[in-house]
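Inside the fold
Residues per chain are reported as follows:
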Amino acid sequence: EAEVAQSPRYKITEKSQAVAFWCDPISGHATLYWYRQILGQGPELLVQFQDESVVDDSQLPKDRFSAERLKGVDSTLKIQPAELGDSAMYLCASSLELAGGVNEQFFGPGTRLTVL
Amino acid sequence: ELKVEQNPLFLSMQEGKNYTIYCNYSTTSDRLYWYRQDPGKSLESLFVLLSNGAVKQEGRLMASLDTKARLSTLHITAAVHDLSATYFCAVDNPSQGNLIFGKGTKLSVKP
């Protein structure tokens, strides 16, 4: 069964360091999302791609976060420099829009980031 | 502001009992999604509800959608320990393609 792949699964870093997360969506899924989930909360969108184009990055802290999906397939999310408040689970999801605009999203296993 | 509110946020149940989780939302979306998340794991899609009056069932879980009331329910029948997890409802953001999630309901089923 096709799955969304993410790496690393866990990352511990010190504040002010740079970190990068990778996501490979389900093959054929044009839309890719990066969400951040703080412990005890629901996921919140950081950035959304349609193929290689950014559709929505209004919630992405652009002074320190960047995201790219150069070839419209896999994607990288970077944080530089990391801050203590960035500790969270970073989830990647992909979707294939179905008839009627159904947008079922499939999530990867996530990257648990801890900033010390 | 787009809001999705779940209640309760925490639910402790005994095995064999029934209970309902409620999800209210503020958008005009006709579609609602339920996900399950186990501790430290990612989100697993449970149900996609596509229209007013939609009802879907899988095992001991049944989800329904009332778009006029902007309300979805997730009903648990004869709970078992394996259902212990956090359950999220989500709706489409009408201006973009992302989902807006509730805060989740943490369910604990005890013997």
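Below you will find a few notes about this structure.

Moving on, we get to the interface of chain A and chain B. Contacts between the two partners involve 22 residues from chain A, matched on the other side by 20 residues from chain B. Our count for the chain A to chain B interface comes out at zero salt bridges. If you list the elements that add at least two residues to the side of chain A that touches chain B, you get strand S4 (31–37), strand S5 (44–50), strand S6 (53–56), strand S9 (88–95) and strand S10 (105–107) of chain A. Looking at the side of chain A that touches chain B element by element, the count peaks at three residues for S4(A). Residue composition of the side of chain A that touches chain B, grouped by class: 10 nonpolar, 10 polar and two charged.

With that out of the way, let us pick up the pairing of strand S8 (residues 71–76) of chain B. Residues and elements named next belong to chain B. Pairing of strand S3 (residues 19–25) with S8, which is carried by six bridges, proceeds in the antiparallel orientation. Residue pairing in the sheet places Tyr-22 in a bridge with Thr-73 of S8. Two strands pair when backbone bridges link them, and strand S7 (residues 61–66) and S8 are joined in this way by six bridges, in the antiparallel orientation. Bridge pairing links Ala-63 to Leu-74 in S8. Here S7 folds back onto S8 in antiparallel fashion, the turn holding four residues, of which Arg-70 has a positive phi close to 55°.

Attention now moves to the pattern of salt bridges. Tallied over the full model, the rule gives six salt bridges over all chains. Where A:Glu83 meets A:Arg64, a salt bridge forms, and the shortest distance between an N and an O atom there is 3.3 Å. Of this pair, A:Glu83 sits in the loop between strand S8 (75–79) and S9 while A:Arg64 sits in the loop between S6 and strand S7 (65–68), and the two are 19 residues apart along the sequence. Take A:Arg64: its relative accessible area is 12%, and that puts it in the buried class. Ionic pairing is found between B:Asp92 and B:Arg31, a salt bridge with its closest N-O pair at 2.8 Å.

This part takes up unusual backbone geometry. If a residue is not glycine, its phi is most likely negative; likewise, a peptide bond is most likely trans. All names here are of chain A. That bond from Ser-7 to Pro-8 is cis: its omega, -10°, falls within 30 degrees of zero. Along the polypeptide, Pro-8 turns up in the loop between strand S1 (5–7) and strand S2 (10–13). A cis amide bond links Gln-80 with the next residue in sequence, Pro-81, at an omega value of 0°. With respect to the helices, strands and loops of the structure, Pro-81 is situated in the loop between S8 and S9. In this structure, Asp-51 takes a positive phi of about 55° despite not being glycine.

Residues and elements named next belong to chain A. As summarised here, the arrangement of the four strands in space is S1-S3-S8-S7, forming an open sheet in which the pairing is antiparallel. The open sheet has two edge strands with one neighbour each: S1 and S7. For this sheet the average axis-to-axis angle between neighbouring strands, irrespective of direction, equals 15°. As defined by bridge partners, S1 adjoins strand S3 (residues 19–24) across three bridges and the pair is classed as antiparallel. From the neighbouring strand, Gln-6 faces S3, where its bridge partner is Cys-23.

A separate point is the pairing of S3(A). Residues and elements named next belong to chain A. Only one face of S3 is covered, namely the one carrying Val-19, Phe-21 and Cys-23; the face carrying Ala-20, Trp-22 and Asp-24 has none of its residues buried. Across five bridges, S3 lies against S8 in antiparallel orientation. Within the sheet, the bridge partner assigned to Ala-20 lies in S8 and is Lys-78.

Scoring rules and cut-offs
Residues numbered from 1 in each chain as written. Chains lettered and ligands numbered in written order. Predicted model: local features only at pLDDT ≥ 70, side-chain atom pairs only at ≥ 80, totals over all residues. Heavy atoms only, no water. Contact = heavy atoms within 4.5 Å. Salt bridge = Lys/Arg side-chain N within 4 Å of Asp/Glu carboxyl O. Helix = DSSP H or I, 4+ residues; strand = E, 2+ residues; numbered from the N terminus. Nonpolar A, V, L, I, M, F, W, Y, C, P; charged D, E, K, R; others polar. Pairing = 2+ DSSP bridges. Buried < 20%, exposed > 50% of the residue type's maximum accessible area, 1.4 Å probe, protein only. Axes fitted to C-alpha atoms, helices over the stretch in contact; angles between N-to-C directions.

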